[in-house]
Amino acid sequence: MGAARTDAHAPPHQRLRSWFVEDARHDLPASLVVFLVAVPLSLGIAAASGAPVMAGLIAAVIGGIVAGSLGGSALQVSGPAAGLTVVVAGLVSQFGWAVTCAITVIAGALQLLLGACRIGRAALAISPTVVHAMLAGIGVTIVLGQLHVLLGGAAGSSAWENISELPAQLLGLHSPAAFIGLGVILLLLVWPKLPAKVRAVPGPLVAITLATAVAGLAALQVARVDLPDNPLSAISLPSLPEGQWGAFALGVVTMTIIASVESLLSAVSVDKMREGHRSNLDRELIGQGSANMASGLLGGLPVTGVIVRSSTNVRAGARTRASAVMHGVWVLLFTALLVGLVEQVPMAALAGLLVHIGLALVKPDDIRAARRHGELHVYVITVLGVVFLNLLEGVLIGVAVAVLGMLRRVVWARVRVEKDDAPDHYSVIVEGTLSFLSVPRLSRVLAQVPEGAHVDVELVVDYLDHAAYEHLATWKATHTGAGGTVVVDEVGLGTEQRSAPKPGNRVFLAWSQWQEGEPEIPAQTRRDPLVEGAREYHKRSAQMIRPQLEKLASSQAPHALFLTCADSRIVPNVITTSGPGDLFTIRNVGNLVPRHNESDDQSVHAAVQYAVDNLDVSTIVVCGHSRCGAMTAAIADGALDGPVGKWLRWAETSVRAWRAGHVLGRAAADDGWSEIDQLAMVNVAVQLESLSEFPEVREAEVKLVGLFFDIPTGTLLMLDAGAERFTPMPGGRASLVPASTNGAATPVTGVITG
């Protein structure tokens with residue numbers, strides 16, 4: 001990003017010259033756009049907070065210059081934020097403006113301490129649902145209060161008061177202030193739907209300007225912004241309270257937490273908006289703390305990172321932090337030179353702007369996300385707490401509800417019973433953590449299973465404690481003793497999880513571990529792995545891939561033909577992270593390609609022709625692998641008889657090339673690969689050469705790719721024609737010590753394992 005792209009240790013004049021050359025043409029117009037958005041928002045937020053209106057402009061100046069210079073997010077723009085409006089209004093009402101400024105200073109000092117302790121990311125541990133609900137509650141509170149100002153009245157001291165007095169205010173809709181405020185809201189709602197050239201001018205600026213012009217031309221008798229004649233007189237020193245120290249400390253903590261969380265979340269959002277941009281959250285806290293200390297000392301509102309201004313800055317094309325700093329300079333010049341213009345702005349116009357901002361804080365997408373994740377109750381409770389109690393209590397209640405919900409999901413298992421299609425067959429599904437807390441529920445569900453029935457108990461659990469195991473084992477013994485059968489299946493646990501835990505590792509006890517030392521399951525009750533796998537697919541996987549398969553029902557469009565060995569350890573879709581419809585796969589012993597004009601076996605040629613001519617694949621891949629049984633047999637002493645020997649004659653060209661010192665074989669030997677693996681790599685190149693001679697491949701100019709899969713390490717290598725060797729895939733391991741070197745397969749005549 002411009003100056004950031006130059007050496008950070010370069011002399012200042014060199015960095016300044018680089019900025020003028022590379023980034024000034026982007027940062028300057030972006031700063032002007034952000035300035036035009038910031039002025040009306042700062043005035044409105046100050047008015048809604050019960051603070052002097054000039055305090056909003058002071059905070060905008062400090063936020064732009066100080067936080068913009070010192071913060072950890074180069075593209076974030078800071079200033080007074082709607083998220084602190086409720087907090088500041090409450091503090092001003094309780095302590096007065098001078099004490100509120102002192103709270104801002106101390107909160108800034110705490111932010112500096114938090115940044116110095118490098119715990120910036122810890123603030124992100126708060127549930128997103130609680131944060132979204134907090135902002136929505138602030139939005140509802142702003143709307144309820146500013147509706148009264150918009151209608152020509154005054155906001156009440158509580159949400160209950162604002163709601164109860166709203167009907168009486170609505171009866172006075174004839175007030176000129178109401179029509180001005182409603183006009184501002186209407187214009188802001190319509191503005192995003194206008195052509196892009198019109199929307200290049202910020203909507204809030206247009207709305208406030210038009211409302212001011214109409215009020216002035218029509219000589220309407222409405223309340224207007226009141227500023228001191230001398231802007232410098234607005235600067236006031238903070239003072240400490242004469243009492244109520246507990247409430248004072250609570251105000252400091254509340255402001256620190258909310259300002260920090262809002263700033264950090266805004267910085268993270270900016271990172272998502274601009275590719276390659278990454279914020280230093282600890283430094284961002286230091287920048288915000290410095291700005292809050294300066295703003296409080298000069299009589300300004302608290303400062304946070306503001307997503308509205310930051311997103312405007314990014315969309316306007318800003319490259320460096322100079323844009324945020326310059327926006328603060330423009331606000332300073334505006335405040336010093338155009339005080340008379342600001343005093344013409346109707347308060348109802350600012351109220352309309354704030355009602356629109358408040359409504360924008362209640363986002364339907366956040367509500368849908370909370371519902372989708374099963375946290376709608378957390379969202380609603382937090383909103384109600386913020387609106388009808390206060391912001392801190394509402395957030396704490398929301399966090400508590402979220403934590404209790406998390407604990408419930410962690411320590412309680414979900415248990416249900418299902419009737420299978422077969423007669424007297426039932427499934428009992430247990431999901432989550434099966435501990436003693438879930439034994440009563442487990443007992444109730446198991447009691448629903450009739451005596452003598454066959455029961456599949458599916459344990460989709462990560463932990464099974466002793467009490468739950470004892471209960472389940474006792475029930476199993478009782479049920480089988482009454483003539484029934486029970487099969488316990490640990491769904492989703494791999495071999496490593498089923499094995500005994502290693503010292504020092506976190507322990508996840510499962511049924512198979514509790515069963516250690518007990519009699520094995522009788523052979524007649526065991527299920528065939530293929531049958532069990534198919535059953536598991538239909539129960540758990542089929543529904544997940546069904547939407548994709550429905551799209552592929554009428555046709556397929558794979559992007560590659562994948563030719564590999566029949567070895568059971570090679571799973572093309574796994575090692576390429578692909579799904580249904582992605583690969584047109586050919587598998588045979590040794591991933592061999594019979595020459596099209598020399599063989600009676602046309603199966604490979606037919607598949608290639610169909611893939612190229614009918615499916616329009618653009619890539620053909622040949623993938624060999626380590627410890628290949630086909631390559632082992634190809635260089636074994638003595639010829640193989642039967643179909644295997646006849647098929648492996650297509651590997652003879654690869655064997656001759658390897659023995660003649662093929663460049664890939666030599667490179668593989670230098671890298672420490674065994675002879676079998678050297679031959680397997682040479683074989684990939686030879687089979688690619690055979691494919692290149694197919695008329696369809698030659699005419700279509702299909703891309704040919706060679707891969708090699710090392711089974712013990714799970715590493716996939718790619719044939720690099722320039723380097724004349726197999727090299728790790730991009731993003732893979734930079735160096736690879738072949739695990740197959742010390743365990744090379746020993747050539748055994750007549751034995752093929754892959």
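These remarks concern the structure in this document. (Residues numbered from 1 in each chain as written. Predicted model: local features only at pLDDT ≥ 70, side-chain atom pairs only at ≥ 80, totals over all residues. Heavy atoms only, no water.)

**Description of the overall build of the protein chain**
Here comes step 1: A tally of helices and strands in the protein chain yields 32 helices and 12 strands.
Here comes step 2: Every one of the 754 residues in the protein chain was classed for burial, and the buried ones make up 47%.
Here comes step 3: Once local pairs closer than 6 in sequence are excluded, the contacts in the protein chain between residues at least 24 apart make up 74%.
Here comes step 4: For the protein chain, the accessible area works out to roughly 36,300 Å², and carbon and sulfur atoms hold 61% of it. (Helix = DSSP H or I, 4+ residues; strand = E, 2+ residues; numbered from the N terminus. Buried < 20%, exposed > 50% of the residue type's maximum accessible area, 1.4 Å probe, protein only. Contact = heavy atoms within 4.5 Å. Areas by Shrake-Rupley, 256 points an atom, 1.4 Å probe, with all protein chains shown as cover.)

**So, the nonpolar core**
Here comes step 1: Membership of the largest hydrophobic core comes to 70 residues, with the highest contact counts inside it found for Trp-97 and Leu-301.
Here comes step 2: The dominant element in this core, judged by the number of residues it contributes, is helix H3 (residues 53-70), at 10 residues.
Here comes step 3: With 48 residues, the next largest nonpolar core counts Ala-607, Ala-651, Leu-679 and Leu-691 among its residues. (Core = buried A, V, L, I, M, F, W, Y, C linked by side-chain atoms within 4.5 Å.)

**Quick look at the packing of aromatic side chains**
When we look at a pair of aromatic rings, we describe it by the centre distance and by the angle of the planes.
Here comes step 1: Taken as a whole and judged by the stated rule, the model has seven aromatic pairs.
Here comes step 2: The interplanar angle of 65 degrees and the centroid separation of 6.0 Å between the aromatic rings of Phe-35 and Phe-334 together place this pair among those described as edge-to-face. Of the two residues, Phe-35 is situated in helix H2 (residues 24-49) and Phe-334 in helix H14 (residues 322-337); the sequence distance between them amounts to 299 residues.
Here comes step 3: Arranged with centres 6.3 Å apart and planes meeting at 90 degrees, the rings of Phe-95 and Phe-248 form a pair that is edge-to-face. Remark: Phe-248 occurs in helix H11 (residues 245-273) and Phe-95 occurs in helix H4 (residues 85-95); sequence separation between them is 153 residues. Across this residue pair, the class does not change: Phe-95 and Phe-248 are buried.
Here comes step 4: The aromatic ring of Tyr-426 is capped on one face by Lys-419, whose charged end is 5.4 Å from the ring centroid. (Phe/Tyr/Trp six-rings, centres within 6.5 Å; stacked < 30°, edge-to-face > 60°. Lys NZ or Arg CZ within 6 Å of the ring centre and 35° of its normal.)

**Considerations on the sheet that holds strand S5 (residues 454-464)**
Pairing between sheet strands relies on hydrogen bonds along the backbone, with the strands arranged either parallel or antiparallel.
Here comes step 1: As summarised here, the arrangement of the four strands in space is S3-S4-S5-S6, forming an open sheet in which the pairing is mixed. Looking at strand neighbours, the two that pair on one side only are strand S3 (414-419) and strand S6 (485-489), the edges of this open sheet. Strand-to-strand twist of the sheet, defined as the mean angle between neighbouring strand axes without regard to direction, takes the value 15 degrees.
Here comes step 2: In this sheet, strand S4 (residues 425-434) lies alongside S3 in antiparallel orientation, the contact comprising six bridges. Counted as the bridge partner of Val-417 is Val-428 from S4.
Here comes step 3: Along the sheet face, helix H21 (residues 466-481) touches S4, S5 and S6 and points at about 170 degrees away from the line of S5. (Pairing = 2+ DSSP bridges. Axes fitted to C-alpha atoms, helices over the stretch in contact; angles between N-to-C directions.)

**Description of unusual backbone geometry**
Here comes step 1: Non-glycine residue Arg-118 carries a positive phi angle of around 60 degrees.
Here comes step 2: Considering the arrangement of structural elements, one finds Arg-118 in the loop between helix H5 (97-116) and helix H6 (128-150).
Here comes step 3: Here Arg-118 falls in the exposed class, since its relative accessible area comes to 64%.
Here comes step 4: Positive phi, close to 55 degrees, is recorded for Gln-244, a residue that is not glycine.
Here comes step 5: Positionally, Gln-244 belongs in the loop between helix H10 (203-217) and H11.
Here comes step 6: Residue classification places Gln-244 among the partly exposed residues on the basis of a relative accessible area of 48%.

**Digging into the environment of Thr-320**
Here comes step 1: Structurally, Thr-320 is set in the loop between helix H13 (307-315) and H14.
Here comes step 2: Considered as a pair, Thr-320 and Ala-74 are 246 residues apart in the sequence and their alpha carbons are 5.7 Å apart.

**Quick look at H14**
Here comes step 1: Compared with the 22 Å implied by 1.5 Å per residue over 16 residues, the 22 Å span of H14 between its first and last C-alpha is a close match.
Here comes step 2: Within the span of H14, buried status applies to Ala-322, Ser-323, Ala-324, Val-325, Met-326, His-327, Gly-328, Val-331, Phe-334 and Thr-335. (Expected span 1.5 Å × (residues − 1).)

**Regarding the pattern of salt bridges**
Here comes step 1: Under the defined criterion, the tally for this structure stands at seven salt bridges.
Here comes step 2: When the shortest N-O distance is used, the salt bridge between Asp-23 and Arg-319 registers 3.4 Å. Of this pair, Asp-23 sits in the loop between helix H1 (12-22) and H2 while Arg-319 sits in the loop between H13 and H14, placing them 296 residues apart in sequence.
Here comes step 3: The exposure class assigned to Arg-319 is partly exposed, which follows from its relative accessible area of 25%.
Here comes step 4: Across the pair Glu-418 and Arg-416 runs a salt bridge, and its minimum N-O distance is 3.0 Å.
Here comes step 5: Overlapping salt bridges bring together Arg-416, Glu-418 and Glu-431 as one network. (Salt bridge = Lys/Arg side-chain N within 4 Å of Asp/Glu carboxyl O.)

**Comments concerning the packing of H4 against H11**
Here comes step 1: The contact between H4 and H11 brings their axes to 11 Å, and the two run at 165 degrees. One way to sum up the angle between H4 and H11 is to call them roughly antiparallel. For the element pair H4 and H11, the recorded crossing hand is left-handed. Side by side, H4 and H11 meet where Val-87, Val-88, Leu-91, Gln-94 and Phe-95 of the first sit next to Ala-247, Phe-248, Gly-251, Thr-254, Met-255 and Ile-258 of the second.
Here comes step 2: The class makeup of the residues in the contact of H4 with H11 is eight nonpolar, three polar and no charged. (Parallel < 35°, antiparallel > 145°, perpendicular 65-115°, else oblique. Left-handed = near helix turned anticlockwise from the far one by under 90°. Nonpolar A, V, L, I, M, F, W, Y, C, P; charged D, E, K, R; others polar.)

**Overview of H13**
Here comes step 1: All buried positions along H13 are accounted for by Arg-309, Ser-310, Ser-311, Thr-312, Asn-313 and Val-314.
Here comes step 2: Elements that come into contact with the buried residues of H13 comprise H2, H3, strand S1 (78-79), H11 and H14.
Here comes step 3: At the C-terminal side of H13, Gly-317 shows a positive phi close to 95 degrees.

**Some words on the sheet that holds strand S8 (residues 583-588)**
Here comes step 1: Overall, mixed pairing links the six strands, which are arranged S8-S7-S9-S10-S11-S12 in an open sheet. In the strand order of this sheet, the two ends are held by S8 and strand S12 (725-728), each with one partner. Adjacent strand axes in the sheet meet at a mean angle of 30 degrees, parallel and antiparallel pairs treated alike.
Here comes step 2: Pairing between strand S10 (residues 703-710) and strand S11 (residues 715-720): four bridges, direction antiparallel. Looking at the pairing, Asp-710 lines up with Thr-715 of S11.

**Comments concerning the pairing of S4**
Here comes step 1: The element S4 is largely enclosed, with a buried count of eight among its 10 residues.
Here comes step 2: Looking at chain direction, S4 and S5 are connected through 10 bridges and run parallel. Along S5, the bridge assignment pairs His-425 with His-454.
Here comes step 3: For the segment spanning S4, helix H20 (residues 439-446) and S5, crossover handedness is right-handed. (Right-handed = clockwise from strand over helix to strand, strands pointing away.)

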